[in-house]
Every structure is written in structure tokens, then in C-alpha cells.
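# Close look at the chain arrangement
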Protein chains: 2
Amino acid sequence: MAEPDVKPITIVIPLYQGVTQLDFTGPHQFFSRLPDTEVIVASIDAQPVSADGLVFSGLHDLEQVSRCDVLCVPGGVGCAEAMESDEYMACIRRLAQAATYVTSVCTGSLILGAAGLLKGRRAACHWAWRDQLPAFGAIADEGRVVQDGNIITGGGVTAGIDFALTVISELFDERTAQMIQLGLEYAPQPPFDAGRPERAPAVVLDEVTRRMSPSMANRRSRISKAAQRLVPQ
Amino acid sequence: MAEPDVKPITIVIPLYQGVTQLDFTGPHQFFSRLPDTEVIVASIDAQPVSADGLVFSGLHDLEQVSRCDVLCVPGGVGCAEAMESDEYMACIRRLAQAATYVTSVCTGSLILGAAGLLKGRRAACHWAWRDQLPAFGAIADEGRVVQDGNIITGGGVTAGIDFALTVISELFDERTAQMIQLGLEYAPQPPFDAGRPERAPAVVLDEVTRRMSPSMANRRSRISKAAQRLVPQ
């Protein structure tokens, strides 16, 4: 008799409009090389998702995804809208409840926070948004990848790759992570050392901060409202 | 009178079935943050492209793309099939002819080679396929990002991010590259040092090589045939 197609590990990546694509395409590439693992990329009503000019289709319906071992929430400019979607947040809470690992990349940790999943937990976030974590009762951690119990969170965008290797070594072992790392030739050599605010030239940090500031107030206000909704629960 | 929507720089990423998604989603995320730049992701007949379980839709028709400043060819297991597509290769040759920069990530350099664009040029490639470059008259270079005149090539998969920062500093300046690097928090901290064959533990390299070997002979033979087709030109 033929062996049934057993998929012992299920990883779910719940997308939303305005997600930052590299937040999940980075980890997805690494997860897609795992043995005996199904990576489910889903959205509300299986709607195609636009992200930074790319369109992702063929998605699963998030509300029909019954469970997962790893929930992996990406960040993006749309994270505030995601927090305001009852349907999306209900799926996050439901899937997190039975997941072995609850994880995020970038401002995805703010979504976990808004779902009430980070109370008293250390978590990473994009550097520009890290100070919003305490609004949700989380402890902001400047680590690139932060593990606190079954919560594993990555910092901004590209941290998702280091995060993925950490998650893989947790789910499997170091050897499996190293094999995928070699296959994807992950031996980074950034031509510049400007990837963190404390290392970027001051003029670069000032300019990036200046350009972000117009949208900052609006998003901070919406994050603050999401935190207020959380309190009575 | 309103300012016309001028897009002084056009970057074209020509996809094919079986592309490795992070080969182009990495650079795309960085390019998408550039000012006054249009990033066109295209495929033959604008067909949606499946890559590692993700489906990319809303693509441009590659044959309708009139020109570009930067041609950026990603790699992937489908690169041999891409080389065998007259339609795809005609587009690569046509767009390369007028491009300011002809670039690739991973085994995308083999496609550039098969298009006759790398004769006498130094180029990078995924470590496992780098030795195929001389078949196309190219000089294999083990650098993570290699520039030879107007040809800029990146090594395997994740090298596309270091590559993108290099391309951006060429197109604009270091400051622009550093601003995008900070915005995407690119300060990598791989948890393991296994991303290159000379650094990976021997057992990891052996196992990865062993697992690749069944598909290796077929792909090498097809690459060799693509190189033979090139000779009479």
C-alpha cells in the first residue's frame, strides 16, 4: 500500500494587503526547502495580495486553515489595517492558540501584540517601531532574532532570513538549517554597514527618520488604539 | 501644468517557470524603494509564474517591454528550460542590447551566458553551478557580487541582496543604498557559518552535494547544449 502523503509540520503565513514582501518571501524560501513540511500562504477570502508592486495569488483562505505548528506573521505598512480587521485578528488568535511556535518578522510582532499574544514576553520588531511593543505589554528586545519560550520574533524585514534559520534549527536541528543555508548561499557580505540605526551614518538615519515621520503619527495612533482594544480582554 | 509622471530608470526582471523566488524578491524589495524608478516584473505572455510554492501574477508581457536601463535575470531550477525557450532568450538579447546594466543573480548568469552576453567577462553564479560559466566563454568569479564593466552579477540566491545594494550605489550613490539598507534593517547575523562550500561543515557540504547530484547531470547536459548553440553565432 502506498505511503500516505504525511506532512508532519505545517507553517502558516497569514498575508494582508500592504505586507512587506521580503518579510515573508525570505523565510518562505528557507521553509520551502524543509523536508516533510507544508508552507501555507493564506489571506482573508484567499484574495490576491499586493505588496510593493508584486502580486501574490493562489493563496489559501485563511479562515479555512484549520491549524498549524508554526504561525509566522509578517510585517508591513498594512499592519495597522490588519490589526483593525476582526476577521484577520480572529484567525491570528485561533491559529496561535494551538500552534507550537508563534512567530513574526518585522512589525508582525505588533500584530501578535494586538492579538494579546505577547504579554510579558520579549519580542523583536523593526527598529523604528520597536518602542510600540510595550503598548501591548511586550518587552521590546533589540535582538535580530528573539526567542522567549514558544515565541520567536525577528527584527526588520531582512532579519526574517536569520529568523528562518533559527526557526528551522528549533523545528529540526542545526544540520538541517546549515544545509538549507548552504543551498541558498547565505554568507552575507553587505557592501555598507548601515543596516541598524546605531551603525548607519547620522545623515542616513536622520534622512530615513525624516521621510518616515509623516506616516508615523497616523500609524502610532492606530497602534495605540489597537492596544486600548486589548486592555479589557 | 502638471508634471508628467517621469520614470527615469526602468529595471526589468524577466521571470520564467521554476525561477527561485528569493533570487528576485530580495533585489525587488530593495529596488522598490528607489526614487523615480519603475521595476517591471515580466514573463512570456504575462503568464503567472510559480516559484517554490508561491504564485506571482499581475506580471507584464515580456515581449511587450520595449526597453530597460537595468536587466536583472534571476536564477532557479527552471534556468535550463528558460535557455531552451527561443521567445525568452530573444527578449533577453533584445533588452540587454540597449540596457545600461546587464545583471543577474544566482544561475541567472548562466542565462546571460547562453544569450552570448558574457564572452570574456567575469561573472558570479551559485557555487554549485559556477564551473559551468566557462562553457559560455565567461570567466567564473567566486565573488559574492562581481562587476565587470556594465555586467553586474550576484552569487547564489541570498547574494541578490548584496547585489541589489551594489546596483543601487551604481545607479544612484552610496547614500541612497545606505538609506534603503537601514529601512530594510539589513545588518545580517546568520546563526550559522555554513553559507559557502569552503566554510560549511564537510558533512553538510557532502550531503547537499549528494542531494543535488541526481538533477545535476541532466542540467549540466542541457547547459552544455545551450553553450553549443551559442558557438556558431
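Residues numbered from 1 in each chain as written. Chains lettered and ligands numbered in written order. Predicted model: local features only at pLDDT ≥ 70, side-chain atom pairs only at ≥ 80, totals over all residues. Heavy atoms only, no water.

With an unreviewed UniProt entry as reference, chain A is termed DJ-1/PfpI family protein, source organism Advenella incenata.

## Description of the pairing of strand β11 (residues 151-154) of chain B
All names here are of chain B. What counts is decided by this rule: Residue burial is assigned from relative accessible area. The probe radius is 1.4 Å, only protein chains are included, and a residue is buried under 20% of its type maximum, exposed over 50%, and partly exposed in between. Secondary structure counts use DSSP, requiring at least four H or I residues in a row for a helix and at least two E residues in a row for a strand, with both numbered from the N terminus. Criterion used throughout: strands pair if DSSP finds at least two bridges between them.
Burial along β11 is two-sided: Ile151 and Thr153 and Ile152 and Gly154, pointing in opposite directions, are all buried. With four bridges connecting them, strand β7 (residues 101-105) and β11 associate as parallel partners. Residue Ser104 lies in a different strand from β11, and its bridge partner there is Thr153. With four bridges connecting them, strand β10 (residues 145-148) and β11 associate as antiparallel partners. Paired with Asp148 across the two strands is Ile151, which belongs to β11. Between β10 and β11, which follow one another and run antiparallel, lie two residues, and Gly149 among them has a positive phi close to 65 degrees.

## Some details on a negative patch on the surface
All names here are of chain A. What counts here: Any residue with relative accessible area above 30% and no salt bridge may belong to a patch, with like charges joined within 9 Å and the nonpolar Val, Leu, Ile, Met, Phe, Trp and Tyr side chains within 5 Å. Accessible surface area values rest on a Shrake-Rupley calculation with a 1.4 Å probe, where residue burial reflects the displayed protein chains alone. Any carboxyl oxygen of Asp or Glu within 4 Å of a side-chain nitrogen of Lys or Arg constitutes a salt bridge here. Only four residue types enter the tally: Lys and Arg on the positive side, Asp and Glu on the negative side; His and the chain ends are excluded. Throughout, a charge is located at the NZ atom of Lys, the CZ atom of Arg, the CG atom of Asp or the CD atom of Glu.
Together, Asp45, Glu63, Asp86 and Glu87 make up a region of like negative charge exposed at the surface. With respect to the helices, strands and loops of the structure, Glu87 is situated in helix α3 (residues 86-98). Here Glu87 falls in the partly exposed class, since its relative accessible area comes to 42%.

## Observations regarding the packing of aromatic side chains
In plain terms, the rule: Two aromatic rings, drawn from Phe, Tyr or Trp (for Trp, its six-membered ring), form a pair once their centres lie within 6.5 Å of each other, and the interplanar angle then sorts them: stacked below 30 degrees, edge-to-face above 60, tilted otherwise.
Scanning the model with the defined rule gives seven aromatic pairs over all chains in all. Each ring, one from Phe24 of chain B and one from Phe56 of chain B, has its centre 4.9 Å from the other, and the planes form 65 degrees; the classification is edge-to-face. Remark: Phe56 of chain B occurs in strand β4 (residues 54-57) and Phe24 of chain B occurs in helix α1 (residues 21-31); sequence separation between them is 32 residues. Take Phe56 of chain B: its relative accessible area is 1%, and that puts it in the buried class. Among the aromatic side chains, those forming a connected cluster through ring pairs are Phe24 and Phe56 of chain A together with Phe24 and Phe56 of chain B.

## Describing the relation of the copies chain B and chain A
Quick reminder of the rule: Least squares is used to superpose the copies, and the fit set is the C-alpha atoms of residues whose pLDDT is at least 70 in both copies. Here, two residues are considered to be in contact whenever any of their heavy atoms come within 4.5 Å of each other.
Expressed as a screw operation, the relation of chain B to chain A combines 0.0 Å of axial shift with a rotation of 180 degrees, fitting to an RMSD of 0.0 Å. On this basis, the relationship between the two copies can be described by a two-fold rotation axis. If distances are taken from each C-alpha of chain B to the rotation axis, the shortest is found for Phe56 of chain B, at 2.5 Å. When the interface residues of chain B are mapped onto chain A, 100% of them again lie at the interface, so the same face is used by both copies.

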